[in-house]
Amino acid sequence: MTKIESDISDLILPRAKILSNNNNSIWESVIDIEEKIATKKTPKDIVEIARKAFATGRTKSLKFREAQLKGFLRFLEECREDIEKALYKDLRKHRQEWNLKKWAKPEKPEKRFVNLLDGMYVYKDPYGVVLIIGAWNYPIAVTLGPLVGGKCPVYLDESVDMEKSARRIVWGKFLNAGQTCVAPDYLLCTKNVQAKFLQEAKKVITEFFGSDPRTSPDMCKIVTQRHFKRLVKLIKPENVVLGGKFNSSERIISPTILINVSPEDPVMKEEIFGPILPIVNIKSVEDAVQFINSRAKPLALYIFTKNKTVKNFVLNNTSSGGVSINETVVHLTIENLPFGGVGDSGMGAYHNKESFDTFTHRRSVFVKDFSTLTEMTVSLRYPPYSDMKTSILNFILKKRKGISLGFLKNVFIFSLGIGFTYVFQCVWNILDDDE
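Residues numbered from 1 in each chain as written. Predicted model: local features only at pLDDT ≥ 70, side-chain atom pairs only at ≥ 80, totals over all residues. Heavy atoms only, no water.

A.B. asks: Teacher, can you tell me more about helix H7 (residues 191-209) here?
C.D. replies: Owing to its 3.6 residues per turn, the α-helix brings residues three or four apart onto one side. When the terminal C-alpha atoms of H7 are compared, their 26 Å separation across 19 residues agrees well with the 27 Å that a helix rising 1.5 Å per residue should span. Looking at the buried positions of H7, the neighbouring elements they touch are strand S5 (152-156), helix H6 (162-174), strand S6 (184-189), strand S7 (240-242), strand S10 (256-258) and strand S11 (276-281). Phi for Gly210, located one or two positions after H7, is positive at around 85°. (Helix = DSSP H or I, 4+ residues; strand = E, 2+ residues; numbered from the N terminus. Expected span 1.5 Å × (residues − 1). Contact = heavy atoms within 4.5 Å.)

Here it is in structure tokens:
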């Protein structure tokens, strides 16, 4: 890792190194995970140091924040191999597996008639010290972009390309051994669709993980022995149609699909967070929607159908953090789509500007000057009161559509055109008279 050559006071984030560029010294902020940060400190100490850093005001400037982000990106690049090795050693996780200035600029909301002479702004203030609890399943991603989970349903109907659908569902479910917040948690389909899905799913699982997934280098471990035991208890032998095998010493569970599952079974009572996919049979899309709505709002909902009417019905009659149609998990990786939950599955969102907004307080700022015209307006609110003052105030305060001054540009151009035309006509008339 890059050696830290100099530090800035006793702040928790700002560390710096001096780079030489044509004999000029350039200060570049980086994230320091060594030296003082690595020494043992109590949570209280860490919070105090972080608050001390924020109180200096040095971390609020856009220049500093941009430098921190660039420094962190450089840290990820420099330590990429070490991070990948650590993840594989711990979980057998395979390696495959900003316009800041614009976002931070104060907004100018539309004005009502009564506020035409006033200044109105929305400033973007950072919250300051915020606790982020990183999770073990994706330690880099969820520490940099915090999120929460839930039981994410998949609806599958007979209109789809079953081979492609099975491939996408199997991949999304068993990625990281199912230890993904947006992994498909259970599948809703009819008995006929179930039979077709199982036929394709068996082929895909063998293709992905071999004849015995317990020995596959692409099958991740379950994070702890406690979670391993919890997952094994969710597997009822009488419900297993595919998989169901495990290796206790390695904490490996082969991709498992369960059928004849009841909504009251233990596997449907909690987020699975493991390589187990229960199938719940329904008779229609209406049944599927009713089943989804009878439970807590999920972080993700997956709809597999070619039928536009079915797609719109599910979209318009359910609520979830996000939706993918004919795909799983991938929406989480798209930076231009906000990602977050709703209700029990989480609050707020992140990705791109959404990440900035999540850690930003929108502070209202109102500015009034001391001009004579302004004072005449505000004097109407002062005692002694009268019917005339009340009538004028009611007129001024009457809610009207927001007034935007953007039209003035068009008015100016239009007026300029009229003026040019008038001048041209006058010159033409003068020349005509001379002839």
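A.B. asks: What exactly am I supposed to notice about the pattern of salt bridges here?
C.D. replies: Note on pairing: side chains with opposite charge can pair once their charged atoms come close. Under the definition given, this model contains 11 salt bridges. The partner of Arg362 in a salt bridge is Glu107, and the shortest N-O contact between them spans 3.1 Å. Within this pair, whereas Arg362 is found in strand S14 (residues 360-367), its partner Glu107 is found in the loop between helix H4 (100-104) and strand S4 (119-126), the two being separated by 255 residues in sequence. On the accessibility criterion, Arg362 (46% relative accessible area) is partly exposed. Its salt-bridge partner being Glu200, residue Lys203 comes within 3.9 Å of it at the nearest N-O pair. Residue Lys203 and its partner Glu200 are both found in helix H7; the two are separated by three residues, about one turn of the helix. Residues participating in the shared-partner salt-bridge network are Glu163, Arg167 and Glu207. (Salt bridge = Lys/Arg side-chain N within 4 Å of Asp/Glu carboxyl O. Buried < 20%, exposed > 50% of the residue type's maximum accessible area, 1.4 Å probe, protein only.)

A.B. asks: Hey, could you run me through a nonpolar patch on the surface in this one?
C.D. replies: Among the surface-exposed residues, Leu116, Leu117, Leu373 and Met376 lie close enough to one another that they form a single nonpolar patch of about 390 Å² accessible area. Within the secondary structure layout, Leu116 lies in the loop between H4 and S4. (Patch = residues over 30% accessible without salt bridge, like charges linked within 9 Å, V, L, I, M, F, W, Y side chains within 5 Å. Areas by Shrake-Rupley, 256 points an atom, 1.4 Å probe, with all protein chains shown as cover.)

A.B. asks: It is not clear to me how the environment of Leu337 should be interpreted in this structure. Could you clarify?
C.D. replies: Tracing the backbone shows Leu337 in the loop between strand S13 (322-325) and helix H11 (353-358). Note on Leu337: relative accessible area 41%, which makes it partly exposed. Separated by 15 residues in the primary sequence, Leu337 and Gly322 place their C-alpha atoms 9.4 Å from one another.

A.B. asks: Whenever I open this one, the side chain of Asn176 confuses me. Can you help?
C.D. replies: Along the chain, Asn176 falls in the loop between H6 and S6. The exposure class assigned to Asn176 is buried, which follows from its relative accessible area of 1%. Separated by 2.9 Å, the side chain of Asn176 and the backbone oxygen of Gln179 make a polar contact. (Polar contact = N/O pair within 3.5 Å; in protein donor to acceptor, adjacent residues only side chain to side chain.)

A.B. asks: Please clarify how the sheet that holds S5 should be interpreted in this entry.
C.D. replies: Strands in a sheet are paired, the pairing made by backbone hydrogen bonds, and the direction either parallel or antiparallel. Spatial ordering of the open sheet is given by S7-S10-S11-S6-S5-S12-S13, a layout of seven strands whose pairing is mixed. Looking along the sheet, the strands with just one partner apiece sit at the ends: S7 and S13. Sheet twist, expressed as the average angle between the axes of neighbouring strands with direction ignored, equals 25°. Across four bridges, strand S12 (residues 300-304) lies against S13 in parallel orientation. Within S13, the position partnered with Leu301 by the bridge is Val323. Along the sheet, H6 contacts S5, S6, S10, S11 and S12; its crossing angle with S11, the most-contacted strand, is approximately 130°. (Pairing = 2+ DSSP bridges. Axes fitted to C-alpha atoms, helices over the stretch in contact; angles between N-to-C directions.)

A.B. asks: So what exactly am I meant to see when it comes to the packing of aromatic side chains here?
C.D. replies: A complete count under the given rule lists three aromatic pairs for this structure. Each ring, one from Tyr186 and one from Phe291, has its centre 5.7 Å from the other, and the planes form 70°; the classification is edge-to-face. Placement of Tyr186 in strand S6 and of Phe291 in helix H9 (residues 285-293) is noted, with a sequence separation of 105 residues between them. The exposure classification of Tyr186 matches that of Phe291, with both residues buried. Here Phe228 and Phe246 contribute two aromatic rings whose centre-to-centre distance is 5.9 Å and whose plane-to-plane angle is 75°, an arrangement assigned as edge-to-face. One end of the pair, Phe228, is in helix H8 (residues 225-234); the other, Phe246, is in strand S8 (residues 246-247), with 18 residues separating them in the sequence. When its relative accessible area of 35% is taken as the criterion, Phe246 is described as partly exposed. (Phe/Tyr/Trp six-rings, centres within 6.5 Å; stacked < 30°, edge-to-face > 60°.)

A.B. asks: Explanation requested: the nonpolar core in the structure shown.
C.D. replies: Counting residues in hydrophobic clusters, the biggest one holds 63 residues, and the most contacted among them are Leu156, Val182, Phe197 and Ile257. The element that contributes the greatest number of residues to this core is H7, accounting for seven residues. Those residues within four positions of Phe197 in sequence are excluded, and the remaining contacts are Leu156, Met162, Ala166, Ile169, Leu187, Ile257, Leu277 and Ile279. (Core = buried A, V, L, I, M, F, W, Y, C linked by side-chain atoms within 4.5 Å.)

A.B. asks: Could you clarify how one ought to interpret unusual backbone geometry in this entry?
C.D. replies: The general pattern is negative phi for most residues beyond glycine and trans for most peptide bonds. For the bond from Pro383 to Pro384, the omega torsion is 0°, close enough to zero to count as cis. Summarising the element assignment, Pro384 is placed in the loop between helix H12 (372-378) and helix H13 (387-397). One non-glycine residue, Asn260, lies in the positive phi region at around 55°. Within the secondary structure layout, Asn260 lies in the loop between S10 and S11. What makes Asn260 partly exposed here is its relative accessible area of 45%.

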